[in-house]
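Understanding the architecture of this molecule
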Amino acid sequence: MYRLDTLGGLALLDPAGAPVPTPRLRLAVLALLAVAGGRGLTRDKLLAYLWPESTPDNARHALEQLLYALRRQGPRELVTGGDPLRLNPDVV
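Structural notes, computed from the coordinates. Values in this document were obtained by computation on a predicted structure and should not be read as measured data.

1. Details of the overall build of the protein
For the protein, the count of helices and strands is 3 helices and 4 strands. When the elements of the protein are put in sequence order from the N terminus, they spell out β-β-α-α-α-β-β. Its C-alpha atoms give the protein a radius of gyration of 13 Å, near enough to 12 Å, the size a compact globule of 92 residues would have. Sequence separation of 24 or more characterises 43% of the internal contacts of the protein that already satisfy a separation of 6 or more. Counting only carbon and sulfur atoms, one obtains 54% of the accessible surface of the protein, whose full area is about 5,600 Å². Charged side chains in the protein number 11 positive and 9 negative. The centres of these two groups are separated by 2 Å.

Here is the structure:
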């Protein structure tokens, strides 16, 4: 099971406890979803948090690219759901 450390820095750790190289924006999404808990976050809220200055189309595209990268990063899906999005409690 992966672990998301949020105190003393932000890091995604693999099951062995080693840091997984993860870009900051991906870590930010994971942290926002962790704070949201089981209720998750809507895509619109994520867009507002992460790309407030972007056009809606550009922000949606950026989020889709980010989610695609997160889904490919681990052996199983880190993020589940369509809208709202949630962390997969079986993985993180």
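This is not the end of the story, as more comes after the structure.
2. Points about helix α2 (residues 43-50)
For an α-helix, 3.6 residues make a turn, and residues three or four places apart therefore share a direction. Here α2 has its buried residues at R43, L46, L47 and L50. One side of α2 holds all its buried residues, which, seen down the axis, span an arc of 100 degrees. Where α2 is buried, its residues contact α1 (24-36) and α3 (56-73).

3. Section: the nonpolar core
Core analysis: the biggest nonpolar cluster contains 24 residues, and L12, L33 and V79 have the highest contact counts within it. Listing elements by their share of this core, those giving two or more residues are α1, α2 and α3. Excluding its chain neighbours within four sequence positions, the residues that come into contact with L33 are L41, L46, V79, L85, R86 and L87.

4. A short note on the environment of P23
Of note, P23 is situated in the loop between β2 (11-13) and α1. Residue class for P23 comes out partly exposed when judged on its relative accessible area of 40%. The spatial distance from the C-alpha of P23 to the C-alpha of M1 is 20 Å, given a sequence separation of 22 residues.

5. With respect to unusual backbone geometry
In the segment running from D83 into P84, the intervening peptide bond is cis, with an omega of 15 degrees. Counting through the fold element by element, P84 comes out in the loop between β3 (79-80) and β4 (86-87).

6. A few points about the packing of α2 against α3
As a packed pair, α2 and α3 sit with axes 10 Å apart at the nearest point and diverge in direction by 105 degrees. Looking at the two axes, α2 sits roughly perpendicular to α3. Here R43, L46 and L47 of α2 lie close against α3, whose contacting residues are A59, R60, L63, E64, L67 and R71. A breakdown of the residues in the contact of α2 with α3 according to their chemical character gives 5 nonpolar, no polar and 4 charged.

Each value, and the rule that gives it
- In this numbering scheme, every chain counts its residues from 1 along its sequence in written order.
- In view of the model being predicted, local features appear only for residues whose pLDDT reaches at least 70, and side-chain atom pairs are presented and counted only at 80 or more, with totals across whole chains, interfaces and linings using the full set of residues.
- Only hydrogens and water are set aside; all other atoms, that is, all heavy atoms of the structure, feed into the side-chain values.
- The numbering of helices and of strands both runs from the N terminus, where a helix is a DSSP run of H or I of at least 4 residues and a strand a run of E of at least 2.
- Computation of the radius of gyration draws on C-alpha atoms alone. For the globule rule, the value is 2.2 Å times the number of residues to the power 0.38.
- Here a residue-residue contact requires only that any non-hydrogen atoms of the pair lie within 4.5 Å.
- In these tables, accessible area is a Shrake-Rupley quantity obtained with a 1.4 Å probe, and a residue counts as shielded only by the protein chains included in the view.
- Charge convention: Lys and Arg are scored as positive, Asp and Glu as negative, and His as well as the terminal groups of each chain are ignored.
- The location of each charge is read from NZ of Lys, CZ of Arg, CG of Asp or CD of Glu.
- Accessible area is worked out with a 1.4 Å probe on protein chains only. A residue is then buried under 20% of its type maximum, exposed over 50%, and partly exposed in between.
- Think of the arc as the fan of directions from the helix axis to the C-beta atoms.
- By nonpolar core is meant a set of buried Ala, Val, Leu, Ile, Met, Phe, Trp, Tyr and Cys residues that side-chain atoms within 4.5 Å join together.
- To get an axis, fit a line to the C-alpha atoms, keeping to the stretch in contact for a helix; angles then go from 0 to 180 degrees between the N-to-C directions.
- If an angle is under 35 degrees, it is roughly parallel; if it is over 145, roughly antiparallel; if it lies from 65 to 115, roughly perpendicular; otherwise it is oblique.
- Note that Gly is not counted as nonpolar here; it falls among the polar residues with everything else outside the nonpolar set of Ala, Val, Leu, Ile, Met, Phe, Trp, Tyr, Cys and Pro and the charged set of Asp, Glu, Lys and Arg.

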